[in-house]
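Examination of the molecular architecture
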Amino acid sequence: MIRHVLLVRFTANARDDQIQALKDKFESMPSVIDGVGSVEWGENNSPEGKDQGYTHVIVMTFRDGAARERYLPHPEHEALKAIFRPILEDIIVVDYSVPA
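It should be emphasised that the depicted structure is a prediction, and the values quoted were computed from it without experimental measurement. (Residues numbered from 1 in each chain as written. Predicted model: local features only at pLDDT ≥ 70, side-chain atom pairs only at ≥ 80, totals over all residues. Heavy atoms only, no water.)

**Comments concerning the overall build of the chain**
Within the chain one finds 3 helices and 4 strands. Reading the chain from its N end, one meets helices and strands in the order β-α-β-β-α-α-β. In terms of C-alpha radius of gyration, the chain reaches 14 Å, essentially the compact-globule figure of 13 Å for 100 residues. Its C-alpha atoms put the chain at 35 × 30 × 15 Å along the principal axes. (Helix = DSSP H or I, 4+ residues; strand = E, 2+ residues; numbered from the N terminus. Rg over C-alpha atoms; globule rule 2.2 N^0.38 Å.)

Put into structure tokens, the structure is as follows:
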């Protein structure tokens, strides 16, 4: 399995309805792209104050590296990016393998 972790900082003018539309699109990925096992969406609630302005985290689980490779150029991923880019200020992406 591959975990795909995104730390997100939205633009100051990102509206709640835009963020909700993005969340809905992310959460639809397991049903539209083979090998996307799950999507978790969360809003930072850490009391430590070390978030550097990143307010949201998205964790996707891919069945394997091949599933991630199918996802990256997939038309549904492109549609997701069309929603994401106008409200995205910054993003950190980290992937890692999960032992079987």
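Further notes follow.
**Some words on the pattern of salt bridges**
All chains considered together, the criterion is met by 9 salt bridges. Residue E76 is joined to K25 by a salt bridge in which the shortest nitrogen-to-oxygen separation is 2.5 Å. Here E76, found in helix 3 (residues 75–84), pairs with K25, found in helix 1 (residues 16–32); they are 51 residues apart in sequence, far enough to count as distant. Given a relative accessible area of 26%, E76 falls into the partly exposed group. In this structure K25 comes out as buried when scored by relative accessible area, which is 18%. Among the salt bridges present, the one from D34 reaches R70, with a minimum N-O distance of 3.6 Å. Here D34, found in the loop between helix 1 and strand 2 (36–43), pairs with R70, found in helix 2 (residues 65–71); they are 36 residues apart in sequence, far enough to count as distant. (Salt bridge = Lys/Arg side-chain N within 4 Å of Asp/Glu carboxyl O. Buried < 20%, exposed > 50% of the residue type's maximum accessible area, 1.4 Å probe, protein only.)

**Examining the sheet that holds strand 1 (residues 2–10)**
One open sheet holds the 4 strands; their spatial order is 2-3-1-4, and the pairing between them is antiparallel. Because the sheet does not close on itself, it has two edges, and the strands there are strand 2 and strand 4 (88–97). Along the sheet, successive strands turn relative to each other by an average axial angle of 15 degrees, direction set aside. With 9 bridges joining them, strand 1 and strand 4 adopt antiparallel strand pairing. (Pairing = 2+ DSSP bridges. Axes fitted to C-alpha atoms, helices over the stretch in contact; angles between N-to-C directions.)

**What about the nonpolar core?**
Counting 21 residues, the largest nonpolar core has F10, F26, M60 and Y71 as its most contacted members. Broken down by secondary-structure element, the contributors of at least two residues to this core are strand 1, helix 1, strand 2, strand 3 (56–62), helix 2 and helix 3. (Core = buried A, V, L, I, M, F, W, Y, C linked by side-chain atoms within 4.5 Å.)

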